[in-house]
Structures are given as structure tokens and as C-alpha cells.
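Structural overview
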Amino acid sequence: MPDHAHSSDSAVQTQLDRLATLSPGRDILGLERIAELCARLGNPQNRLPRTFHVAGTNGKGSTCAYIRAILEASGRKVHSYTSPHLVRFNERIRVAGTLIDDASLAALLQEILDQSEDLQASFFEVTTAAAFLAFARTPADDCIIEVGLGGRLDATNIIPAPAVCGIASLGIDHEAFLLEPEAGTPDDPAARIAWEKAGIIKPGTPVATFGYAPLVRDTIARKAAAVGATLFPEESGWTVAPDGDSFRWTSKKPGSIEQLLRPRMAGAHQMRNAGLAIAMLRLAPGPQPDDADIARGVAEASWPGRMQLLGPGPLTRLMPDGHDIWVDGGHNLDAAKQVATFLGDTLARREPVDLVLGMLANKDADAFLHMLAPHVRRVMAVPIPGHEHHDPANLARIALETGIAAAVPRADIASAIRALAADEPARTTLIDGSLYLVGQALDLNGEWPI
């Protein structure tokens, strides 16, 4: 799945356009090109501060946001590298707590592209090298690295020895890459996904994980045991117990810790993501955040585009007063389960929602819609410009086949919102199905991530 490149700065955009001409235009798993590229740049990945490396199918970005917020609440300077971006390329690279500025980003991209013209490095590999180089050149206390795709062969996995690894929610996604037949890999799809994600585990590195089904759990445990890594899994190591809008995090290690916390991010799945972040921090060698830092970080952490309520802006003003627009970048079955739970527990409890839906062509729209259908009144199906996507007419047809009462295609997000506003809209509208679609909605509403 190619990444969408966009910048408001002409110098950055010049380098992104150059990257587009040099990149093969698709994801290519493997560490050979990123290793060679980083070698030409002086191996910046070997000069990072204390590093937290996070993999998973869903929730890894939110987990990174919680780690950063808690560390910053304790007064530490933190680098972070995440993907994809929603509106501007700069969102991927946060240097010592601040999104990278346009001038620095343009200079970094030019330097890296000058070194890599003959490599056919992918978009993500160049992005990763840019992050490592920025982080190596600017002092900070900690560094958070989100895996892009998979783990074992992801470009971020060139880092030599993270302080802690984390593995978030796991599900089937990116099958063309992660389930490609390969000798010596597990046959079961779920086990193969877990095996790929567990590829980030390094010798002696402690690992925090969610609780998983036995086959997945055992796959990760075998990888950890093979390299002498200590596991700290949900359920047997730490737990999250929801309590209304709060949750109770408990460690089952000797000298157990229990803390009641209230997150800003919505949904029970975000409570678990926060729990994973706390577990990783409790494993980290070096300075530990205290209970007050953890409480403040959990309360302040946000992650744009993940079950986010839009604020006042050009898009939300299209709706009558008292009508909310939420956005979420869920696009696979695991994400759909989390969204469905949130709708059932929170939003749709008062009435079904209206859904503005756009999905990439390689996503299972039928399974996604079947999961959400009980909570949805009608669907406005839209395209995702610049990406191969489900035709809106076919998406509307699939929605009707799942039992949703009404579904029609629309030209874009704005026309979909206008159509809903003109015809007795539900009190809640959800824009969902792709992070690219969420990026468009945030741009339309003037809510650029900062």
C-alpha cells in the first residue's frame, strides 16, 4: 500500500516528488536496502537514546502516543516515529517533542535521496532513515519507534537493541505481504502474523504484550524464549479493568502496583493500549515515571484519527447544532470489532449512527460492514482519491446486503455530510474505513495534527 505524500511546504514537496520518482512505489519488505542506506548515512540507528519499539496490527500508534505522553509528563525529551501521516508528512517525525519543521525535513530528505538514488529504496525506507538521522543528531532522553508493516522485515527493525519491545492487538491484515509463502514460517495465518510481529524481539530485550488466543500466545512465547527475552503479557503479567470512563491498571509482578486511571482517548480498546504502554514503561531500564506522571500522561494522550470527535470547523458546521462527527481510521476486521464495541457501548447506545465509508480496494469491506451493521442506520459510500479503493456504488450495495437500511454512493466526504444534514441526520455521524479518508476529513475541517 503506497503512502500518500503531502506537504504544505514547497521545499518539502519538491523532495517528496523526487522520492516518488525514485521509489518503486510499493512496500518491499526486507532489511537489505535500509541497512545499506543507513550505512551510507553513518548508521544513525546505532546512536538513538533509550528506545521503545512497538508492533501490532492495530493500536500500536495509540500505544506510542501513551508512552510519549507519560514520558513527557515526567519531564523527559522524547523522539517519536510513527506512520502513516494523516495530512502532512511532518507528522511522522517528532524530534525532542516537536513535529519536525519544514526546513529540517526538506534538508534531510535531500541528503538521504542524494545518497540513495541507486538503491530503489521505498517511501517507508527513506522516511525511516530520515527519522533515524534526525534523532541521532538531536539530543533526547527517549525514542519511540512504531513498526510500519509486520515486524521481522520492517525497515524499523534495523535498530540493534531497543530497551523494551511491545506487541499490541493482532489480526489478519496486509495478507499479500505478511502471509506470502516462505519456508520455515507457521502455516496458520494468525500464527504467521504473530511470528512476523514477534520478529522485533531482540536478545535479552523485555517484551510487553496483549493477551492472545493460545496459538498466537505460544508463537510469541517461543520467539521470546529463543532469544532469551522476558515476556510481560496481559492477564498473567498485567491487567486492565474498565470502570466507567476509567480503568484500573494492575501489575502482577512481585511488589504489585495498582492504579486507577482516566484516559482522554475513547473506547475500551484505548484503555488496553494505555495498559500496554504502562507495562512497557514498567519494564524499561533507567528512570521510571511515577504514579502522578502516568496518570497525567494517560489523561493527556491523544492520537489523531482514532475514534476522534471533530471540533468546530468547516466540515462540522455543515451539520445542525447538536450533531457530532467522529472519525476513525479502522480498516480491518480487528479494528471493526473495536469500533463496533465502542458504538455499542457509547455512541449507538442512544441511536444508530450514520456512516460515511471509504475503503481501499485490498480491504474486506463485507466483513467490515457486517461487524458494524447492527449499529448503523445508513451509509454514504465515498471514494478515496489517489488510492485504489472500493467503488462507492459497490460499497453501497455491500452495505445493503449486510442489512443496513439505506446506503448510497456520494462523490466525496463533504457531499456525503451535506446529504445527511439535509435529511434528518442521526445525532452521530462516523467517518471510517481508512486513515487516508480520516486525513481528508481532518484537512476539510482544518484540524491538522500538531
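Look a little higher up for the structure.
First, a word on what this report is: a plain description of the structure on this page. Quick caveat, the model's predicted, so the values are computed rather than measured.

Concerning the side chain of Asp 293
For Asp 293, the location among the structural elements is in helix α10 (residues 291-300). Judged by its relative accessible area of 10%, Asp 293 is buried.

So, helix α8 (residues 214-226)
Between the first and last C-alpha of α8 there are 18 Å, a value that for 13 residues agrees with the 18 Å anticipated at 1.5 Å per step. Here α8 has its buried residues at Val 216, Thr 219, Ile 220 and Ala 224. Down the axis, α8 shows its buried residues gathered within 130 degrees of arc, on one side only. Away from its buried face by more than 90 degrees, α8 exposes Arg 222, Ala 225 and Ala 226. Of the surrounding secondary structure, the elements contacted by the buried residues of α8 are β6 (164-167), α7 (189-197), β7 (207-209) and β8 (231-233). After α8 finishes, the residue Gly 228 shows a positive phi value of roughly 70 degrees.

Focus on the pattern of salt bridges
A side chain with one charge can pair with a side chain of the opposite charge if their charged atoms come near. Scanning all chains against the criterion turns up 23 salt bridges. Here Arg 427 ties to Glu 351 by a salt bridge, and the two come within 4.0 Å at their closest N and O atoms. Residue Arg 427 is located in the loop between α14 (413-421) and β17 (428-432), and its partner Glu 351 is located in the loop between α11 (333-347) and β14 (353-357); the two are separated by 76 residues in the primary sequence. Several salt bridges converge on common partners, so that one network encompasses Asp 354, Arg 377, Arg 378 and Asp 423.

Details of the packing of aromatic side chains
Per the counting criterion, the structure on display carries four aromatic pairs. Between Phe 89 and Phe 123 the ring centres are 5.8 Å apart and the planes differ by 70 degrees, which places this aromatic pair in the edge-to-face class. Of the two residues, Phe 89 is situated in the loop between β2 (78-81) and β3 (93-95) and Phe 123 in helix α5 (residues 123-137); the sequence distance between them amounts to 34 residues. Summarising the burial analysis for this pair, Phe 89 and Phe 123 share the class buried. When the ring centre of Phe 89 is taken as reference, the NZ or CZ atom of Arg 92 above it lies at 5.7 Å. One residue, Lys 253, lies across the ring of Phe 232, its end atom 5.3 Å from the ring centre.

Remarks on the packing of helix α12 (residues 365-372) against helix α13 (residues 392-401)
Taken N-terminus to C-terminus, the directions of α12 and α13 make an angle of 45 degrees; their axes are 9 Å apart at the nearest point. In terms of orientation, α12 and α13 fall into the oblique class. Where α12 crosses over α13, the handedness of that crossing is right-handed. Contacts between α12 and α13 involve Ala 365, Asp 366 and Leu 369 from the former and Leu 395, Ile 398 and Ala 399 from the latter.

What about the nonpolar core?
With 52 residues, the main nonpolar core has Phe 52, Ile 67, Ile 220 and Phe 247 as its most contacted residues. Considering each element in turn, this core owes the most residues, nine residues, to helix α9 (residues 268-283). For Phe 52, the residues in contact, after removing those within four places along its chain, are Ile 67, Leu 71, Asp 142, Cys 143, Ile 144, Ile 145, Val 164, Met 280, Leu 281 and Ala 284. Ranked by size, the runner-up nonpolar core spans 36 residues in total, among them Leu 16, Leu 48, Leu 113 and Phe 132.

Comments concerning the packing of helix α2 (residues 32-40) against α5
Interhelical geometry of α2 versus α5 gives an angle of 35 degrees and a closest axis separation of 10 Å. Where α2 crosses over α5, the handedness of that crossing is right-handed. In this structure, α2 contributes Arg 33, Ile 34, Leu 37 and Cys 38 to the contact, and α5 contributes Glu 125, Val 126, Thr 128, Ala 129 and Phe 132. Here the contact of α2 with α5 is composed, by residue class, of six nonpolar, one polar and two charged.

So, the environment of Val 382
Checked against the element boundaries, Val 382 lands in the loop between β15 (376-381) and α13. For the pair Val 382 and Val 408, spaced 26 residues apart in sequence, the C-alpha separation works out to 9.0 Å. Look past the residues within four positions of Val 382 in its chain and what remains in contact with it is Val 356, Leu 357, Gly 358, Pro 392, Arg 410, Asp 412, Ile 413, Ala 416 and Leu 437.

Things to note about the pairing of strand β5 (residues 142-146)
Along any regular strand, the residues point their side chains to alternate faces of the sheet. Within β5, five of the five residues are buried, which leaves it mostly tucked inside the rest of the structure. What you see with β5 is no split at all: Asp 142, Ile 144 and Glu 146 on one side and Cys 143 and Ile 145 on the other are buried throughout. Looking at chain direction, strand β1 (residues 50-55) and β5 are connected through five bridges and run parallel. Note that in β5 the partner of Arg 50 across the bridge is Asp 142. Summarising the sheet, β2 and β5 pair through four bridges and their orientation is parallel. Bridge pairing in β5 places Ser 80 opposite Ile 144.

Quick notes on the sheet that holds strand β9 (residues 238-243)
With respect to topology, three strands assemble into an open sheet ordered β9-β10-β11, the strand pairing being antiparallel. Single-partner strands in this sheet number two, and they are β9 and β11 (258-261). Geometrically, the sheet is characterised by an average inter-axis angle of 20 degrees between neighbouring strands, direction not taken into account. Pairing of strand β10 (residues 246-251) with β11, which is carried by four bridges, proceeds in the antiparallel orientation. The residue of β11 that forms the bridge with Thr 250 is Glu 258.

Basis of the calculations
Residues numbered from 1 in each chain as written. Predicted model: local features only at pLDDT ≥ 70, side-chain atom pairs only at ≥ 80, totals over all residues. Heavy atoms only, no water. Helix = DSSP H or I, 4+ residues; strand = E, 2+ residues; numbered from the N terminus. Buried < 20%, exposed > 50% of the residue type's maximum accessible area, 1.4 Å probe, protein only. Expected span 1.5 Å × (residues − 1). Arc of directions from axis to C-beta. Contact = heavy atoms within 4.5 Å. Salt bridge = Lys/Arg side-chain N within 4 Å of Asp/Glu carboxyl O. Phe/Tyr/Trp six-rings, centres within 6.5 Å; stacked < 30°, edge-to-face > 60°. Lys NZ or Arg CZ within 6 Å of the ring centre and 35° of its normal. Axes fitted to C-alpha atoms, helices over the stretch in contact; angles between N-to-C directions. Parallel < 35°, antiparallel > 145°, perpendicular 65-115°, else oblique. Left-handed = near helix turned anticlockwise from the far one by under 90°. Core = buried A, V, L, I, M, F, W, Y, C linked by side-chain atoms within 4.5 Å. Nonpolar A, V, L, I, M, F, W, Y, C, P; charged D, E, K, R; others polar. Pairing = 2+ DSSP bridges.

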